Amino acid sequence: MPSSNDFQFKRSVQGIVERIAYQLGDAEPGDEYSGFDENWIKAKVYDILKWLQSRRPNLFGHEVSFDLKGGDSQKLPEDCDELLNVISVTISGKQYPVTEGDFSALQAARVYSKLLTTCDPCNFTYAVSPNDSRQFLISPPVAPSGSSVTATCSALGRYFDDPELEIDCEAAKWINTVVEYVLFQAFSMDGDNPVSTSLAETHRSTFFELAPVQRRAES
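Residues numbered from 1 in each chain as written. Predicted model: local features only at pLDDT ≥ 70, side-chain atom pairs only at ≥ 80, totals over all residues. Heavy atoms only, no water.

*Asks:* When you look at helix α1 (residues 13-23) in this model, what are you seeing that I'm missing?
*Replies:* Residues that lie three or four places apart on an α-helix share one face, since the helix turns once every 3.6 residues. Counting buried residues along α1, nine of its eleven residues qualify, which places the element largely inside the surrounding structure. By the burial criterion, the buried members of α1 are V13, Q14, G15, I16, V17, E18, R19, I20 and A21. Those residues of α1 that are buried lie in contact with α2 (38-55), α5 (158-161) and α7 (175-188). (Buried < 20%, exposed > 50% of the residue type's maximum accessible area, 1.4 Å probe, protein only. Helix = DSSP H or I, 4+ residues; strand = E, 2+ residues; numbered from the N terminus. Contact = heavy atoms within 4.5 Å.)

Shown next as structure tokens:
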């Protein structure tokens, strides 16, 4: 277990969990997580990172490539939480540029795009469905096989699939926010203890000072 110097904790989910365990007083050698289970801490870390993702999806963005099915209607792969942008489409080894468009306009153009018999060179347009963030249209439609897309996805799960994976710099700036939230949750569980209640309020206040939320103006 790392020492109490924060910079010595790894910049990963596991590092965050260990740092929180230390601050909860459960980091003595051989006695880690005696008060708060490691899986409980990790679950709370996931909750707050998921909340941060909803407010700042770019924090967890990374470049991915995945196959496209034939046609214009596409689905994101399971390891992609949200589509941030499409960079290019590759067909038979050739790479084509992609621009973002309006979903309604692409829907209206579906009939006409299907009339195209050749597409070389192509300029593709994509748009995410307003009703299903995991579905997007791409125009003109792609062939039944041999097509792929390079895109930027918001993917939080990779940090939990590999808890030792280093968190990107931009997302790492929010580690203190994550820690304060989990400490607030932990101390809130002992509502009958005035010391715990006071600590919970301190961490709650600090969390809201750090979190990407707009504070109400005091009257």
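*Asks:* Even after reading the chapter, I still don't get the pattern of salt bridges, so can you show me in this structure?
*Replies:* Per the counting criterion, the structure on display carries six salt bridges. For D168, the salt bridge is made with R158, and the minimal N-O distance between the two is 3.4 Å. Of this pair, D168 sits in the loop between α5 and α6 (169-172) while R158 sits in helix α5, and the two are ten residues apart along the sequence. Its relative accessible area of 32% is what places D168 among the partly exposed residues. Taking relative accessible area as the criterion, R158 reaches 17% and is therefore assigned buried. The salt bridge partner of E201 is R204, with a shortest N-O separation of 3.0 Å. Note that E201 and R204 are positioned in helix α8 (residues 194-210) at a spacing of three residues, about one turn of the helix. Since its relative accessible area comes to 30%, R204 is described here as partly exposed. (Salt bridge = Lys/Arg side-chain N within 4 Å of Asp/Glu carboxyl O.)

*Asks:* Would you mind showing me how to read the sheet that holds strand β7 (residues 147-154) here?
*Replies:* Hydrogen bonds along the backbone pair up the strands of a sheet, which may run parallel or antiparallel. Read from one edge to the other, the open sheet built from seven strands follows the order β1-β7-β3-β4-β5-β6-β2, with strand pairing classed as mixed. Each edge of the sheet is formed by a strand with only one pairing partner; in this case those strands are β1 (61-67) and β2 (71-75). Geometrically, the sheet is characterised by an average inter-axis angle of 30° between neighbouring strands, direction not taken into account. (Pairing = 2+ DSSP bridges. Axes fitted to C-alpha atoms, helices over the stretch in contact; angles between N-to-C directions.)

*Asks:* Help me out: how do you make sense of the state of the cysteines in this one?
*Replies:* Here is the idea: a disulfide is a covalent bond, and it sits between the sulfur atoms of two cysteines. Within the structure shown, the criterion is met by one disulfide. Disulfide pairing is shown between C80 and C153; the S-S distance is 1.9 Å. Looking down the S-S bond of the C80 and C153 bridge, the torsion is -95°, so its handedness is left-handed. Of this pair, C80 sits in the loop between β2 and β3 (82-91) while C153 sits in strand β7, and the two are 73 residues apart along the sequence. Here C80 and C153 have matching classes, each one buried. (Disulfide = S-S within 2.5 Å.)

*Asks:* For this particular structure, what's the right way to read the packing of aromatic side chains?
*Replies:* The geometry of an aromatic ring pair is captured by the separation of the ring centres together with the interplanar angle, meaning the angle of the planes. The tally for this structure, following the rule as stated, stands at nine aromatic pairs. Ring centres of F9 and Y22 lie 6.4 Å apart, and the angle between their planes is 65°; on these two criteria the pair is classed as edge-to-face. With F9 in the segment before α1 and Y22 in helix α1, this residue pair connects regions lying 13 residues apart in the sequence. Exposure remark for Y22: the relative accessible area of 34% places this residue in the partly exposed category. Centroid distance F60 to Y159: 6.3 Å. Interplanar angle 65°. Geometry classified as edge-to-face. Pair noted here: F60 is in the loop between α2 and β1 and Y159 is in helix α5, with a separation of 99 residues, a long-range link. For the residue pair F60 and Y159, the accessibility class agrees, reading buried in each case. Among the aromatic residues, those joined into a cluster by ring pairs are W51, Y181, F207 and F208. (Phe/Tyr/Trp six-rings, centres within 6.5 Å; stacked < 30°, edge-to-face > 60°.)

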